[in-house]
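As a plain string of letters, each chain reads:
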Amino acid sequence: VQLQASGGGLVQPGASLRLSCVVSGRTLSTYTTAWFRQAPGKEREFVAAIRRSGGSTYYADPVKGRFIISRGNAKNTVYLQMNSLKPEDTAVYYCAIDRDIILSDIRRGDAYDYWGQGTLVTVSS
């Protein structure tokens, strides 16, 4: 299984970015997929997730209303549309998937089996 994240970069506050995570070796629609991030000197934190069944979405409070997670089944890709970016969004963003994760664990990083390599997002003026 390989997860390849991309789309990070340096942007100014208020700008938008779209991250992509291409999954190979698994059918993405049968997995719950999530984005996590880790800022310098901080612990990894949950950002957003989309469930395999029904496609329900979940967001961390700091990004709710600004970020949108979606899934392109035909391309086996999960996206994270990030709008109104703030300096505090600066972090390395990681995608993760798991087939059997339960709802109560969806925000726990240690519950996911497969991880991508991360893509750096820097928000600065």
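If you're wondering where the values come from, they're calculated on a predicted model, not measured in any experiment.

Draft legend 1. Here's a closer look at the overall build of the protein. Counting secondary structure elements, the protein contains 0 helices and 11 strands. Ordered by position from the N terminus, the helices and strands of the protein form the series β-β-β-β-β-β-β-β-β-β-β. The C-alpha atoms of the protein give 13 Å as radius of gyration, which agrees with the globular expectation for 125 residues (14 Å, within 12%). Referenced to the eigenvectors of the C-alpha coordinate spread, the extents of the protein come out at roughly 40 × 30 × 25 Å. When contacts within the protein are restricted to residue pairs at least 6 apart in sequence, long-range pairs at least 24 apart make up 59% of them. On the protein, roughly 6300 Å² of surface is accessible, and the fraction owed to carbon and sulfur atoms is 46%. Placing the 15 positive and 10 negative side-chain charges of the protein at their respective mean positions leaves the two points 7 Å apart.

Draft legend 2. How the structure looks around the pattern of salt bridges. Scanning the entire structure with this criterion turns up 6 salt bridges. Note that Arg108 is salt-bridged to Asp110, the shortest N-O span being 3.0 Å. Taking the relative accessible area as the measure of exposure, Asp110 reaches 59% and is therefore exposed. In this structure, a network of salt bridges that share partners links the residues Arg37, Glu45, Arg66 and Asp89.

Draft legend 3. Quick peek at the environment of Thr32. Inspection of the secondary structure puts Thr32 in strand E4 (residues 32-38). On the accessibility criterion, Thr32 (2% relative accessible area) is buried. Considering only alpha carbons, one finds Thr32 and Asp89, 57 residues apart in sequence, at a separation of 23 Å. Setting aside chain neighbours within four positions, we find Thr32 in contact with Ile50, Arg51, Arg52, Ala96, Ile97, Asp98, Ile101, Ile106 and Tyr112. A distance of 3.3 Å separates the side chain of Thr32 from the backbone nitrogen of Arg52, its partner in a polar contact.

Draft legend 4. Summary view of the pairing of strand E8 (residues 77-82). With 5 of its 6 residues buried, E8 lies for the most part within the structure. Of the pairings in the sheet, the one linking strand E3 (residues 17-24) to E8 comprises 6 bridges and is antiparallel in character. Considered in E8, the bridge of Leu19 is made with Leu80. Where strand E7 (residues 67-72) meets E8, 6 bridges bridge the pair, whose relative direction is antiparallel. When the bridges of E8 are listed, Ile69 appears paired with Leu80.

Draft legend 5. The arrangement of unusual backbone geometry in detail. Backbone geometry at Asn76 places phi at a positive 50°, although glycine is not the residue there. You will see that Ser84, though not glycine, has its phi angle at about 50°, which is positive. Mapped onto the fold, Ser84 is located in the loop between E8 and strand E9 (91-98). Assessed through its relative accessible area of 41%, Ser84 is described here as partly exposed.

What counts as what
- Residues numbered from 1 in each chain as written.
- Predicted model: local features only at pLDDT ≥ 70, side-chain atom pairs only at ≥ 80, totals over all residues.
- Heavy atoms only, no water.
- Helix = DSSP H or I, 4+ residues; strand = E, 2+ residues; numbered from the N terminus.
- Rg over C-alpha atoms; globule rule 2.2 N^0.38 Å.
- Contact = heavy atoms within 4.5 Å.
- Areas by Shrake-Rupley, 256 points an atom, 1.4 Å probe, with all protein chains shown as cover.
- Lys, Arg positive; Asp, Glu negative; His and termini not counted.
- Charge placed at Lys NZ, Arg CZ, Asp CG, Glu CD.
- Salt bridge = Lys/Arg side-chain N within 4 Å of Asp/Glu carboxyl O.
- Buried < 20%, exposed > 50% of the residue type's maximum accessible area, 1.4 Å probe, protein only.
- Polar contact = N/O pair within 3.5 Å; in protein donor to acceptor, adjacent residues only side chain to side chain.
- Pairing = 2+ DSSP bridges.

Any link to function would need more than the numbers given here.
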